[in-house]
Amino acid sequence: MEKIHNLPRLFDFEAMAQKTGNGNGFTGQDILSVSQFDRERLSYIFTRSHEMRELVERVGACDLLKGYVLACLFYEPSTRTSASFIAAMERLGGSVIPITQGVQFSSVSKGESLPDTIRTLEQYADVIVLRHPEVGSAKLAADYASVPVINAGDGAGEHPTQALLDLFTIQVELGRIDGLKIAMVGDLRYGRTVHSLTRLLMRYEDISLRFVSPDTLRLPMALMNELLDQGIKVRETHDVADVIENADVLYVTRIQKERFSDPKQYEEVRDCYEITPDLMTRAKEKMVVMHPLPRVGEIHYHVDDDPRAAYFRQVKNGMYVRMALLAAVLGRA
Ligand code: NCD
């Protein structure tokens, strides 16, 4: 959806848009789902993310987004996603309205609806980042907002910016994405990062996917069918030992306790996987272990010293990718 919004007139935007080719079509756009990204757009964001990394490493910050305001609205807990969006905006010279310490301190606790909160924040901000427990909430917010809305996780639905930073990390760590064998481990049913990353990987050639989960937490059938329809090589198993030797990427996830309606069901699967140094001795020398974090026991702390443990580098990449995205949707790429 094309959005017309009140960007501050500090610059000549028409000239800027012509010069930058309109940020590859991102200007004014919502980022709701990975389905919005084809390979050309992915490569555009990754190129910009590399530039952001260079910028931060060389000078730390700039004023590309000076005069712009981001509203960060989080109805669910977050450390990395909220902090990295805030850091991204501030390193680009913009500022942030952070409603991330729990919406209990906002008018949401008085019963305000999501559309009303969104229509309020857009009076102050040029872009809104939203995390919400309901699938489809980001789309609902975007329908009401005249400024771009970025989905920072809608329940067990999608988490597109996480998938972008995951893919960027694979590219940086292994130098390619085509032809890789990727094993996803843990809560494949409720894990929104798994859903988004799996959909993005469908865009690449000769990908093999291995899904490791307990029976109750298998990948949703609809997503599995999409993979099969596309002719992607897929295997499911319960055991990490079946996949670790061949994997180029081991993408480990937390069991999403908050999505279980029956706490007993959670107890049955809570500690089902742990990546240990011993298990890592069976993995390839050139592979990466990733995790969207937070981890709650799925990866032993002693694995952190292994050079293949990429999860904290992955965290940092999140800031670069979000810098690139914010600049793109604000027409300043
Ligand atoms: C993930 C999330 O919120 O979906 N975290 C994140 O954004 N880095 C994964 C999780 O909570 O397990």
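Residues numbered from 1 in each chain as written. Predicted model: local features only at pLDDT ≥ 70, side-chain atom pairs only at ≥ 80, totals over all residues. Heavy atoms only, no water.

## Considerations on the site of the ligand
Logical step 1: If you check the shell around the ligand, you find Thr81, Arg131, His159, Gln162, Arg192, Thr193, Arg254, Gln256, Pro292, Leu293 and Pro294 and nothing else.
Logical step 2: One of the side-chain N or O atoms of His159 is found 2.8 Å from an oxygen atom in the ligand.
Logical step 3: Take Gln256: an N or O atom from its side chain is 2.8 Å from an oxygen atom of the ligand.
Logical step 4: Protein chains shield 94% of the accessible area of the ligand, which is 320 Å² for the free molecule.
Logical step 5: Taken atom by atom, the bulk of the ligand overlaps the largest pocket.
Logical step 6: Among the residues forming the shell around the ligand, the class breakdown is 3 nonpolar, 5 polar and 3 charged. (Near = heavy atom within 4 Å. Polar contact = N/O pair within 3.5 Å; in protein donor to acceptor, adjacent residues only side chain to side chain. Areas by Shrake-Rupley, 256 points an atom, 1.4 Å probe, with all protein chains shown as cover. 1 Å grid on protein atoms, 1.4 Å probe; cavity = no way out; pocket = protein on both sides within 12 Å on 5 of 7 lines; lining within 4 Å. Sits in = over half its atoms within 2 Å of the grid points. Nonpolar A, V, L, I, M, F, W, Y, C, P; charged D, E, K, R; others polar.)

## As for the confidence of the model for the protein
Logical step 1: Here the protein averages 92 in pLDDT, while 92% of its residues score no lower than 70.
Logical step 2: Low pLDDT (under 50) marks residues 4–21, which in the prediction has 29 contacts with non-local residues, meaning those over four places away or in another chain. (pLDDT = per-residue confidence, 0-100. Contact = heavy atoms within 4.5 Å.)

## Considering the layout of surface pockets
To locate leftover empty space, one rolls a probe as large as a water molecule over the atoms.
Logical step 1: Estimates place the volume of the largest pocket at around 410 Å³.
Logical step 2: Listing elements by their share of the lining of the largest pocket, those giving two or more residues are helix 3 (80–91) and helix 7 (192–201).
Logical step 3: Residues that form the lining of the largest pocket fall into these classes: 4 nonpolar, 10 polar and 6 charged.
Logical step 4: Both domains that furnish three or more residues to the lining of the largest pocket are identified here as domain 1 (13–159 + 316–329) and domain 2 (160–315). (Points joined across faces, edges and corners; volume = space filled by probe spheres on them. Helix = DSSP H or I, 4+ residues; strand = E, 2+ residues; numbered from the N terminus. Domains from an automatic or database assignment.)

## Some words on the sheet that holds strand 8 (residues 249–252)
Logical step 1: Pairing within the open sheet is parallel, and its 5 strands lie in the order 7-6-5-8-9. Edge positions in the sheet fall to strand 7 (233–237) and strand 9 (288–290), since each of these pairs with one other strand and no more. Averaged over all pairs of adjacent strands, the angle between strand axes in this sheet comes to 15 degrees, irrespective of strand direction.
Logical step 2: Pairing of strand 6 (residues 208–212) with strand 7 involves 5 bridges; the strand directions are parallel. Bridging from a neighbouring strand, Phe211 pairs with Glu236 of strand 7.
Logical step 3: Each of strand 8 and strand 9 touches helix 6 (residues 160–174); the most contacted strand, strand 9, lies at about 165 degrees to it.
Logical step 4: Helix 7 contacts strand 5 (181–185), strand 6 and strand 8 of the sheet and is inclined by roughly 165 degrees relative to strand 5. (Pairing = 2+ DSSP bridges. Axes fitted to C-alpha atoms, helices over the stretch in contact; angles between N-to-C directions.)

## A short note on unusual backbone geometry
Logical step 1: The linkage connecting Leu293 with the following residue, Pro294, adopts the cis geometry, with an omega of 5 degrees.
Logical step 2: Position of Pro294 among the secondary structure elements: in the loop between strand 9 and helix 11 (311–329).
Logical step 3: A positive phi angle, close to 55 degrees, is found at Asp206, a residue other than glycine.
Logical step 4: Mapped onto the fold, Asp206 is located in the loop between helix 7 and strand 6.
Logical step 5: The class of Asp206 is partly exposed, set by a relative accessible area of 48%.
Logical step 6: You will see that Leu293, though not glycine, has its phi angle at about 65 degrees, which is positive.
Logical step 7: Considering the arrangement of structural elements, one finds Leu293 in the loop between strand 9 and helix 11. (Buried < 20%, exposed > 50% of the residue type's maximum accessible area, 1.4 Å probe, protein only.)

## Comments concerning the packing of aromatic side chains
Logical step 1: For the coordinates displayed, the defined rule picks out 6 aromatic pairs.
Logical step 2: Look at Phe260 and Tyr266: their rings are 5.6 Å apart centre to centre, the planes differ by 70 degrees, and that puts the pair in the edge-to-face class. A single burial state applies to Phe260 and to Tyr266, both of which are buried.
Logical step 3: Here the aromatic cluster, defined as three or more aromatic residues joined through ring pairs, consists of Phe26, Phe37 and Tyr44. (Phe/Tyr/Trp six-rings, centres within 6.5 Å; stacked < 30°, edge-to-face > 60°.)

## Things to note about the packing of helix 3 against helix 11
Logical step 1: Look at helix 3 against helix 11: their axes get within 8 Å of each other, and the N-to-C directions meet at 55 degrees. In terms of their interaxial angle, helix 3 and helix 11 are classed as oblique. Like other packed secondary-structure pairs, helix 3 and helix 11 cross with a definite hand, here right-handed. Where helix 3 approaches helix 11, its residues Arg80, Thr81, Ser84, Phe85, Ala87, Ala88, Met89 and Arg91 are matched on the opposing element by Val315, Gly318, Met319, Arg322, Met323 and Leu326.
Logical step 2: Its residues assigned to classes, the contact of helix 3 with helix 11 shows 8 nonpolar, 3 polar and 3 charged. (Parallel < 35°, antiparallel > 145°, perpendicular 65-115°, else oblique. Left-handed = near helix turned anticlockwise from the far one by under 90°.)

## Details of the packing of helix 7 against helix 8 (residues 221–229)
Logical step 1: Where helix 7 contacts helix 8, the axes come no closer than 11 Å and their chain directions differ by 15 degrees. Taken together, the axes of helix 7 and helix 8 are roughly parallel relative to one another. Note that helix 7 runs across helix 8; the crossing there is left-handed. On helix 8, the residues that touch His195, Thr198 and Arg199 of helix 7 are Leu223, Glu226 and Leu227.
Logical step 2: For the contact of helix 7 with helix 8, the residue count by class is 2 nonpolar, 2 polar and 2 charged.

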